[in-house]
Structures are given as structure tokens and as C-alpha cells.
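Given next are the chains, with one letter for each unit.
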Amino acid sequence: MHCSSRKHWDKRLTLPGRIIENGSEQGSYDVDKGLFTIQLPKETPGQHFEGLNMLTALLAPRKYRTAKPLVEEIGTSAVSEEGGEDDDEEFNWEIEQFPYEEVSESALKLQCHYGFGHLRSGVFQRLQDEFSDVIDIKDPDFTPAAERKQKRLAAELTKFDPDHYLADFFEDEAIEQVLKYNPWWMDTYSKMISSLGKSQEQEDHAALVSFSEEEKYQLRKFVNKSYLLDKRAHCQVYYSLIDILLAYCYETRVTEGERNVESAWNIRKLSPTLCWFETWTSVHEILVSFGRRVLCYPLYRHFKLVLKACRDTVVVLELGKSAVLKCLLDIHNIFQESDPAYILNDLYISDYCVWIQKAKSKKLTALAEALKDVSLTKAQLGLELEELETAALLVQEEEAALTAAHSTSRQTPPSSSEAGALEEPDSTLPSETEDSGSEQEELKGGESKTVNSLRGPFLEESSALCINSDGVCRKLALLRSDASQGMTLASAWAPGVSQPLIEELGEH
């Protein structure tokens with residue numbers, strides 16, 4: 001056993017197993033590091049002490065030994081910290097639902113609870129203005145759970161942007177990049193699978209997840225406490241844990257493990273537990289809500305990211321409470337550095353960090369299995385994603401067909417009849433210019449000497465065109481048509497014209 005202490009007062013450790021004093025105890029102290037190393041023999045050699053890295057739980061004071069519980073609810077059976085059910089009892093992840101009933105306004109004030117295990121109320125009556133940017137719900141102290149859900153669904157429909165979704169659907173290079181990223185839990189999970197192949201015991205997997213010195217300091221600062229939760233509240237705690245972990249896994253993946261100024265916003269915005277104080281009735285409901293919010297709020301809105309975050313959450317849960325605690329500590333640190341998101345630590349995350357250290361590992365395993373067995377489709381999100389994709393693909397195919405047709409028409413040469421029609425106006429050109437000879441002479445006589453000195457064969461021909469109202473339009477139209485199709489101006493003139501249209505000065 002290793003014990004570290006930076007203070008000068010005693011810290012009592014409550015170990016998960018029994019130790020003895022038989023003269024084989026050893027101890028040493030590293031002056032430079034301030035580290036005590038103490039070795040104590042176990043009463044049962046080879047016994048596994050589970051949870052030695054859960055420092056907050058180890059610092060708990062020893063409970064009084066008594067036949068009766070110190071706190072007991074009248075008329076109900078005693079409730080344990082794990083929610084009132086026996087350890088061997090199979091946990092039912094479906095919550096019984098009841099039809100909605102109208103209640104009086106005075107009764108609403110007593111029912112509007114939130115926070116970890118729904119143990120808090122009245123917090124926002126005096127702090128609504130300060131924390132309005134942290135949560136989406138208005139007046140949470142006076143808004144019942146059913147109304148919160150209705151308002152959340154309406155807000156998500158208003159926020160959904162089809163253009164943003166389709167842009168990420170078709171231009172998914174950045175999405176594919178973040179999908180390839182492997183967070184720390186994937187490497188740890190690979191090691192766990194390898195150890196299972198070597199037939200090692202399940203309890204050895206806790207050693208695969210290590211805590212940094214900063215994380216250990218966080219654990220020592222938490223105040224250890226016990227939570228009196230009935231079965232319904234206990235189930236809500238597990239459900240909300242899934243919801244929070246989904247948001248955290250998404251944020252870790254899209255930022256590739258590098259937190260930024262938007263990290264706190266992303267986590268709380270993607271988790272209805274944190275921003276709407278939502279209550280849950282099934283694992284599938286949690287996935288549907290998470291999928292809708294991923295496609296409505298963050299920068300990357302793609303259904304593949306929803307499924308990837310679900311698989312990441314399953315992996316974290318299968319790694320056990322050490323991995324879950326490590327994620328919760330990171331969330332706590334992110335919120336603590338974000339003002340005013342720190343209020344969510346007081347309402348949820350701090351309690352989760354203490355509670356998870358005493359949670360049963362097999363409950364987390366059962367929760368991971370429940371999450372793994374649930375399937376999610378685009379149609380279940382209620383955003384008409386498949387219809388949007390189908391319509392967008394049809395538009396894309398039509399645009400591609402029009403582009404191909406236009407490209408083919410430009411590359412096809414004109415037929416012989418069309419070529420003859422283009423050459424026909426040129427045969428009438430000489431007669432038209434002869435009939436207008438007198439008018440040309442008048443115009444030439446009125447022009448200045450400067451224009452006469454610059455006039456070449458092109459200007460002489462064009463002067464005849466300008467005065468002939470019958471042949472000019474046809475000729476200019478031919479010139480423009482030929483030029484627009486990539487032909488030179490000289491090639492537009494009919495055979496028989498002795499001079500080119502454009503001639504460089506100084507050649508004659």
C-alpha cells in the first residue's frame with residue numbers, strides 16, 4: 001500500500017479489506033518527493049483490494065457499527081447507498097411511466113427538483129439572471145419535468161438547420177478525420193481485451209486506468225458523503241450518467257483531446273441533463289435526445305458522430321468506474337475553468353465524482369450492455385433526415401445531368417445544312433456594298449485625315465456594314481456567334497474577301 005501526504009496532520013484511510021500487524025510491516029519516506037511508502041500485510045494473503053485508487057472513498061470516516069441504520073424512512077424499507085436493491089438483484093433499466101395529471105401551482109413548487117438524484121431545488125430563484133447562459137430552461141424551479149421535455153423538443157426543432165446538416169453530409173472530409181481519432185480509452189480498452197485473452201481476473205483491469213497527480217489532488221479535495229436514493233432516483237442517476245458521458249465523448253473526439261474555449265459549451269449543450277434538467281424513462285430516449293442535439297447545435301453535425309459517441313460511451317462504461325471517474329474529473333475541471341458553468345459542478349458533477357467511487361462495477365457493466373443493445377436510426381430522431389438526403393441527392397443528380405448535356409452540346413460540330421445557312425448571307429454582301437457606294441463616298445469625305453490614316457482593310461469593310469441596314473445585323477450576329485464559340489473573327493468572313501479582318505499595322 002502506498003500513502004502520499006503533503007499535509008502535517010493525520011489522514012485516516014478506510015481500506016476495502018482487513019490488514020494485520022505481525023512485525024513484517026515496512027515504511028520509508030522520500031524527503032525530496034515528500035512521499036511515504038508503507039507496506040502492510042493482508043489478513044488474507046492474495047486477497048484483492050478493490051478501489052484503492054478511489055481516494056475520496058478511502059478518506060471516508062469509519063461507520064459506526066450498529067444493528068439499526070442511523071437514518072431510516074418511516075413506512076419503507078431501509079435504502080442502501082446503491083439505491084435500495086440487493087447486489088445480486090438484476091437491475092431493471094426501464095422506468096414505469098404514469099399518465100400525465102394536472103396539478104395545482106402550489107404543488108408544482110414542491111415537484112420541480114433537479115441536480116444529482118433530483119435532490120436540489122430553489123437554487124435558481126435568486127440566480128436566474130446570472131446563470132441564464134448556462135441552462136436553456138427558464139424558471140426551472142417552477143417548470144415540471146413534462147413541460148421541460150416539451151419545451152426542449154420545440155427548441156430543437158427550431159434550431160435544426162437543414163442546410164448545415166446537408167453541408168456536413170456531402171462535405172464530410174473533416175468528419176471522417178475526427179472519426180479516425182482514437183481517444184485514450186480506446187488504447188486502454190485494447191489492453192483490457194488483450195488481458196482477457198490471457199485469462200486475467202476482471203479486478204485487475206482497474207490498474208489499466210491511471211490518475212495524474214492533478215486528478216489525485218482533485219479527489220482529495222472532494223468531501224465524501226453518502227446519498228439516500230430510492231430506486232427511481234437511483235435509476236435516474238445512471239441514466240443521466242449516460243447522457244453526460246455521451247456529450248463528453250463527442251467533445252473529446254471532435255477536438256481530438258485538445259480542449260478549447262467551446263468545450264464547456266459543447267458538453268452542457270449536448271446534454272439535456274445539464275441544460276434542461278431532463279428526466280429519462282429509457283436508454284433509447286437518451287440516445288434519441290443526444291442524436292437530435294448533435295444535429296442541431298455543435299459545429300460538426302453528422303449522424304456518424306452520434307453513433308461513434310455511443311460506441312465510445314459503451315467502451316468507457318465497460319472499462320469500469322475508474323475510467324468513468326477519469327472522464328468526470330475532466331468534465332469537472334472544464335466546468336471549473338468556465339464562468340459561470342461551474343454551477344453545474346455544484347449541481348451534478350461533484351456529486352457524480354464522489355458517488356461513482358462507491359458504485360458497483362457490475363451495474364456499470366449492465367448499463368453498458370443496455371446501451372449496446374439499443375439501436376438508433378435517422379428516422380427515430382424526428383427531423384426528416386432521410387427525406388432531406390433523398391431530395392438533395394435528386395437535385396445533385398439533375399445538376400450533373402444538365403452539366404453533362406451542356407458539355408456535350410458545346411463539343412458537337414454543326415451539320416452541313418447549318419454550315420450552309422451560316423455561309424449564305426456572305427453571297428449577298430458584295431451587291432449590298434455596291435448599292436451603297438455613293439453613301440460610302442459621302443461618309444469617307446466627311447471623315448478626318450486621322451481616321452483615314454488609321455483605317456485598314458477591316459475599317460473599310462466595316463464602313464460598308466455600318467450603312468447597310470439590311471446586311472449589318474446579320475453580319476454582326478454571325479461575328480458574335482462565331483466569336484462566342486471560340487472561332488477567330490477572320491474565319492467568320494465568307495470566302496472571296498481578299499483582306500483579313502484584323503491586320504497588324506506596319507505590315508503593308
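A brief report on the enclosed structure follows. (Residues numbered from 1 in each chain as written. Predicted model: local features only at pLDDT ≥ 70, side-chain atom pairs only at ≥ 80, totals over all residues. Heavy atoms only, no water.)

Another point: the overall build of the protein chain. Each helix and strand counted, the protein chain has 22 helices and three strands in total. Across the 508 residues that make up the protein chain, the buried fraction comes to 39%. Long-range pairs, those at least 24 residues apart, make up 76% of the contacts in the protein chain between residues at least 6 apart in sequence. With the model as given, the accessible surface of the protein chain reaches about 29800 Å², and the carbon-plus-sulfur share is 52%. (Helix = DSSP H or I, 4+ residues; strand = E, 2+ residues; numbered from the N terminus. Buried < 20%, exposed > 50% of the residue type's maximum accessible area, 1.4 Å probe, protein only. Contact = heavy atoms within 4.5 Å. Areas by Shrake-Rupley, 256 points an atom, 1.4 Å probe, with all protein chains shown as cover.)

Take the packing of helix H7 (residues 213–221) against helix H13 (residues 321–336) next. Between H7 and H13, the least distance of the axes is 11 Å, while the angle of their chain directions is 85°. Comparing their axes, H13 and H7 come out roughly perpendicular. Facing H7, whose interface residues are Glu-214, Glu-215, Gln-218 and Leu-219, H13 presents Leu-325, Lys-326, Leu-329, His-332 and Asn-333. Of the residues in the contact of H7 with H13, the class split is three nonpolar, three polar and three charged. (Axes fitted to C-alpha atoms, helices over the stretch in contact; angles between N-to-C directions. Parallel < 35°, antiparallel > 145°, perpendicular 65-115°, else oblique. Nonpolar A, V, L, I, M, F, W, Y, C, P; charged D, E, K, R; others polar.)

Two aromatic rings are characterised by how far apart their centres lie and by the angle between their planes. According to the stated counting rule, one finds 14 aromatic pairs in the structure shown. Centroid distance Tyr-238 to Trp-355: 5.1 Å. Interplanar angle 75°. Geometry classified as edge-to-face. Of this pair, Tyr-238 sits in helix H8 (residues 231–254) while Trp-355 is found in helix H14 (residues 343–355), placing the two residues 117 residues apart along the sequence. Residues Tyr-238 and Trp-355 agree in their burial class; the two are buried. Members of the aromatic cluster, connected to one another through ring pairs, are Phe-116, Tyr-227, Tyr-238, Tyr-352 and Trp-355. If you follow Lys-326 out to its NZ or CZ, it ends over the ring of Trp-184, 5.9 Å from the centre. (Phe/Tyr/Trp six-rings, centres within 6.5 Å; stacked < 30°, edge-to-face > 60°. Lys NZ or Arg CZ within 6 Å of the ring centre and 35° of its normal.)

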